[in-house]
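A closer look at the structure
As a plain string of letters, each chain reads:
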Amino acid sequence: MSQPSPLSLFWTIAKHELLLILKTRRAFAATGLYVISALLGSFIYIYSLRKIEQALASALVEQGSDPLTAASTVGLMSSEAYEKTLSFFVGHDLEFISEIFRASPLLPLCLWGSLAFLPLLILVTSFDQTVNDIHSRSICYSLLRISRRSVILGKVFAHAILTMALIAVCFALLLLIAMYQLENIDFSHTIGGFVRIWVLLLPFGLCYISLTSLASTLAKSPFGALGLSAAFFLGLKVLSWFQNIAPNSSYALLRHLRWLSPNTYTSGLWLQDPIEPFISSCAYLCLSAAFLFLGIKHLEAKDL
Amino acid sequence: MNIAAQTINLRKTYGSIVAVNNLNLSVPAGSVFGLLGPNGAGKSTTFGILAGWLNPTSGTSYVLNTPSQELSKLGGQIAALPQDAAFPPQISVKQELTHFGRLMGLSKSDAWKETERVLEAVSLQNAATQRGSELSHGMAKRIGIAQTLIGAPKVIFLDEPTAGLDPASARQIKDLIATLTPQTTVVISSHNLSDIEEICTHGAILERGNMTISGTIGELTRQSNEISIEVQSNRAIPQGELESEFGLGSVSTSPTQNDTLTLTISFSNEREVTDAIGRALKILLDANIGILGVQRGTSLESAFIELTTTESG
């Protein structure tokens, strides 16, 4: 009997974890809710945009403009309004925002929605990844065969696969809706945009999965892990607000704590300069590594 | 003597409570080793540290010359039945056991075959498709034992392996354990002294975190230096003659039932037990004492109670 390689071991643990997740109704319910929310949100968004554009064009035609000019004017107005909105949400001037987001109304919605709601999905599907095994002591069966480190990494790997697969399915459905609702959608451009967002979400999602993994090793019960994960998410969100402390304030030192928050790095994902998304992704990977390191160290020191 | 598992100055505290206190324990390779002790003696803590589930406060423990915290490096050469551990409720027994085989580097087909083999060993082939949530306590225990057999490990730790099992299943598990040695070393933690006496070759008795005695079961039950003879009490016991044969203060009597006594003879020097039994019986028969029964040593239960009561007192 030969020892499996680390990669093969992680894959074996991940497959087992995925089997357990898929057999759990909660995971199905959460993913279903996420997909339905995403589809419904995008449907309403696109529908609302079209209705506003139609209403504006009708108003211009009633005021004596010819339909072609009205359509062109509405296109310009909505484009300008859209660009301002985009700039507001990203927190950067428009010229710095990636062209891919400036050209499509659907892609920014996908990225914004994912950045806002993906942590919640991860919270619901991944909070008990380790604590369940510790609570039921089923982890004791595995620990003479694999290390505690492998348990954590294998489970995180499984949850990363699940999350990224879910996002891919969600994006595919969104693309279908966009094709149905938007007449002049640039198919290849949109697919390229989805792929880019999917790649950007990989380190982002991994960061939150690692954080739930840490909470899951610290907590004593699954319910406690859920509460602790939520507290971590909220706490790190609050840390990101520290950037608003004035540099000349007596609390100015606290501004540096914002770098511990994943939220601080989201704006970099939107930018045109490739170094910015790269830096954000690296920051997410560093935070993931830190959370995983803490989780592994805690589990190794824990009495089971 | 090859050592399969060992603790050196092992100490574990929970706050101010000392669960294990400088424990030095050696488990001979190929033995069935019983870890005994009353509640709170430190058995489960010692067991947990040896299996790597608990971290010691100080001291070290080794299994197959590997520190307990690194046993996963041995790739499944060690297996354990933890107490009160559940199987995942969502998936079948066969899926779970096959997963354990895969973790040990078995191919998928070999892991399936191994699962079938170990389920057959505990007569639970029919439970293969049942999920963890559908198992009774006894079935879960037997499947827990089955998973320790995957890949034929060199050392197996069993925490209360027969607790909660019906007599037939308990018998089967005891027979199964007997077939594992000497290729496999088995360490058993149990309250069931008759089981330990029946299946173990070696043992240790713990009391309040300290080791009271350790050795072969024969040594624990004093089988080579003590005999007990149940006699009728209607005639005077030739105590002087017995003491001149076996040594001063070597003979003690205790009433058993109406008109019967248990005569316990301890040997002050090493001698053949069969010879000692013959000589003692001759002296008693010459004195016309009615013999009702003879036993080598004492029962493990008596030794356990005697040792733990002495320590407690």
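About the criteria used
Residues numbered from 1 in each chain as written. Chains lettered and ligands numbered in written order. Predicted model: local features only at pLDDT ≥ 70, side-chain atom pairs only at ≥ 80, totals over all residues. Helix = DSSP H or I, 4+ residues; strand = E, 2+ residues; numbered from the N terminus. Buried ≥ 20, exposed ≤ 12 C-beta atoms within 10 Å, placed from the backbone. Pairing = 2+ DSSP bridges. Axes fitted to C-alpha atoms, helices over the stretch in contact; angles between N-to-C directions. Contact = placed C-beta atoms within 7 Å. Core = buried A, V, L, I, M, F, W, Y, C linked by C-beta atoms within 7 Å. pLDDT = per-residue confidence, 0-100. Nonpolar A, V, L, I, M, F, W, Y, C, P; charged D, E, K, R; others polar. Parallel < 35°, antiparallel > 145°, perpendicular 65-115°, else oblique. Left-handed = near helix turned anticlockwise from the far one by under 90°.

Let us look at the overall build of chain B. Helix and strand counts for chain B come out as ten helices and 14 strands. Along the first, second and third principal axes, the C-alpha set of chain B runs to 75 × 45 × 35 Å. Looking at chain B residue by residue over its 313 residues, the buried ones come to 42%.

Our next topic: the sheet that holds strand β8 (residues 185-189) of chain B. All names here are of chain B. An order of β6-β7-β8-β3-β9-β10 is seen for the six strands of this open sheet, with the pairing classed as mixed. Two strands lie at the open edges of the sheet, namely β6 (78-81) and β10 (210-216), each paired on one side alone. Shown here is a sheet whose adjacent strand axes are inclined to one another by a mean of 15 degrees, direction ignored. As judged from the four bridges shared by β6 and strand β7 (residues 155-159), these two strands associate in the parallel manner. By the bridge assignment for β7, Leu81 is matched with Leu158. Against the sheet, helix α4 (residues 137-148) engages β6 and β7, with an angle of about 175 degrees to β6.

If you look at soluble globular proteins, the nonpolar side chains tend to sit buried side by side. Of all hydrophobic cores here, the largest spans 135 residues; its most connected members are Ala80, Ala146, Phe157 and Ile188 of chain B. Top contributing element to this core by residue count: helix α8 (residues 148-181) of chain A, with 14 residues. With residues near it in sequence (within four places) discarded, Phe157 of chain B still touches Phe47, Leu50, Ala51, Ala80, Leu81 and Val187 of chain B. Among the nonpolar cores identified, the runner-up in size contains eleven residues, and Ile227, Phe246, Val251 and Ala280 of chain B belong to it.

Further remarks concern the confidence of the model for chain A. Summarising the model, chain A shows a mean pLDDT of 85, and 97% of its residues fall at 70 or more. Here helix α3 (residues 67-90) of chain A stands out as the element of chain A with the lowest mean pLDDT, 73, in contrast to helix α11 (residues 275-301) of chain A, whose mean of 94 is the highest.

Time to look at the interface of chain A and chain B. Across the boundary between the two partners, chain A contributes 25 residues, which contact 30 residues of chain B. The residue makeup of the side of chain A that touches chain B, split by class, is twelve nonpolar, nine polar and four charged.

With that settled, the discussion passes to the packing of helix α9 (residues 187-218) of chain A against α11 of chain A. For any two helices packed against each other, one specifies the inter-axial angle together with the distance between the axes. Residues and elements named next belong to chain A. Packing of α9 against α11 brings their axes to within 8 Å, and their N-to-C directions diverge by 20 degrees. Relative to α11, the element α9 is oriented roughly parallel. Classified by chirality, the crossing of α11 by α9 is left-handed. In this structure, α9 contributes Leu200, Pro203, Phe204, Leu206, Cys207, Ser210, Leu211, Ser213, Leu214, Thr217 and Leu218 to the contact, and α11 contributes Pro277, Ser281, Tyr284, Leu285, Leu287, Ser288, Phe291, Leu292, Leu294, Gly295, His298 and Leu299. Counted by class, the contact of α9 with α11 contains 16 nonpolar, seven polar and no charged residues.

With that settled, consider the pairing of strand β11 (residues 226-232) of chain B. Residues and elements named next belong to chain B. Bridging between β11 and strand β13 (residues 260-266) involves seven bridges; their strand directions are antiparallel. By the bridge assignment for β13, Ser228 is matched with Thr264. Pairing of β11 with strand β14 (residues 291-296) involves five bridges; the strand directions are antiparallel. Opposite Val231, over in β14, you have Ile291 as the bridge partner.

What follows deals with the packing of helix α5 (residues 106-126) of chain A against α9 of chain A. Residue and element names in this part refer to chain A. Where α5 contacts α9, the axes come no closer than 10 Å and their chain directions differ by 25 degrees. Overall, the two elements α5 and α9 adopt an arrangement that is roughly parallel. When the axes of α5 and α9 are compared, the crossing they make is right-handed. Listed contacts from α9 to Leu106, Leu107, Cys110, Leu111, Ser114, Leu115, Leu118, Pro119, Ile122, Leu123 and Ser126 of α5 are Thr190, Gly193, Phe194, Ile197, Leu201, Phe204, Gly205, Tyr208, Ile209 and Thr212. Taken together, the residues of the contact of α5 with α9 break down into 15 nonpolar, six polar and no charged.

Quick look at the environment of Phe232 of chain A now. Residue and element names in this part refer to chain A. Among the secondary structure elements, Phe232 is positioned in helix α10 (residues 222-241). The exposure class of Phe232 is partly exposed, given the 18 C-beta atoms found within 10 Å. The spatial distance from the C-alpha of Phe232 to the C-alpha of Asp273 is 31 Å, given a sequence separation of 41 residues. Those residues within four positions of Phe232 in sequence are excluded, and the remaining contacts are Leu211 and Ala215.

Bringing the sheet that holds β14 of chain B into the picture now. All names here are of chain B. Across the sheet, which stays open at both edges, the four strands sit in the order β12-β13-β11-β14 with antiparallel pairing between neighbours. The open sheet has two edge strands with one neighbour each: β12 (251-255) and β14. On average, adjacent strands in this sheet sit at an angle of 20 degrees to one another, irrespective of strand direction. Here five bridges tie β12 to β13, and the two strands are oriented antiparallel to one another.

Turning to the pairing of strand β9 (residues 202-207) of chain B, a few remarks are in order. All names here are of chain B. In terms of burial, β9 is largely enclosed, as six of its six residues are buried. Residue alternation in β9 divides its side chains into two sets, His202, Ala204 and Leu206 and Gly203, Ile205 and Glu207, and both sets are buried. Looking at chain direction, strand β3 (residues 32-36) and β9 are connected through four bridges and run parallel. Paired with Leu35 across the two strands is Ala204, which belongs to β9. Pairing geometry for β9 and β10, over six bridges, is antiparallel.

Across chain B, pLDDT averages 86, with 96% of residues at or above 70. Interface predicted TM-score (ipTM) for the complex: 0.80; the corresponding pTM is 0.83.

So, on to the environment of Asn2 of chain B. Residue and element names in this part refer to chain B. Examined against the element boundaries, Asn2 turns out to sit in the segment before β1 (3-14). Taking the number of C-beta atoms within 10 Å as the measure of exposure, Asn2 has 9 and is therefore exposed. Residues Asn2 and Ala29 lie 27 residues apart in sequence; the distance between their C-alpha atoms is 5.4 Å. Those residues in contact with Asn2 that lie beyond four places of it in its chain are Pro28 and Ala29.

Okay, unusual backbone geometry next. Residue and element names in this part refer to chain B. Along the chain, Thr181 connects to Pro182 via a cis peptide bond; the corresponding omega equals 5 degrees. Here Pro182 shows up in the loop between α5 (167-180) and β8. A positive phi is found at Asn22, a non-glycine position, where the angle reads about 45 degrees. Residue placement: Asn22 occurs in strand β2 (residues 17-28). Although it is not a glycine, Ser123 adopts a positive phi angle of roughly 55 degrees. When you line up the elements, Ser123 lands in the loop between α3 (108-121) and α4. A count of 14 C-beta atoms within 10 Å places Ser123 in the partly exposed class.

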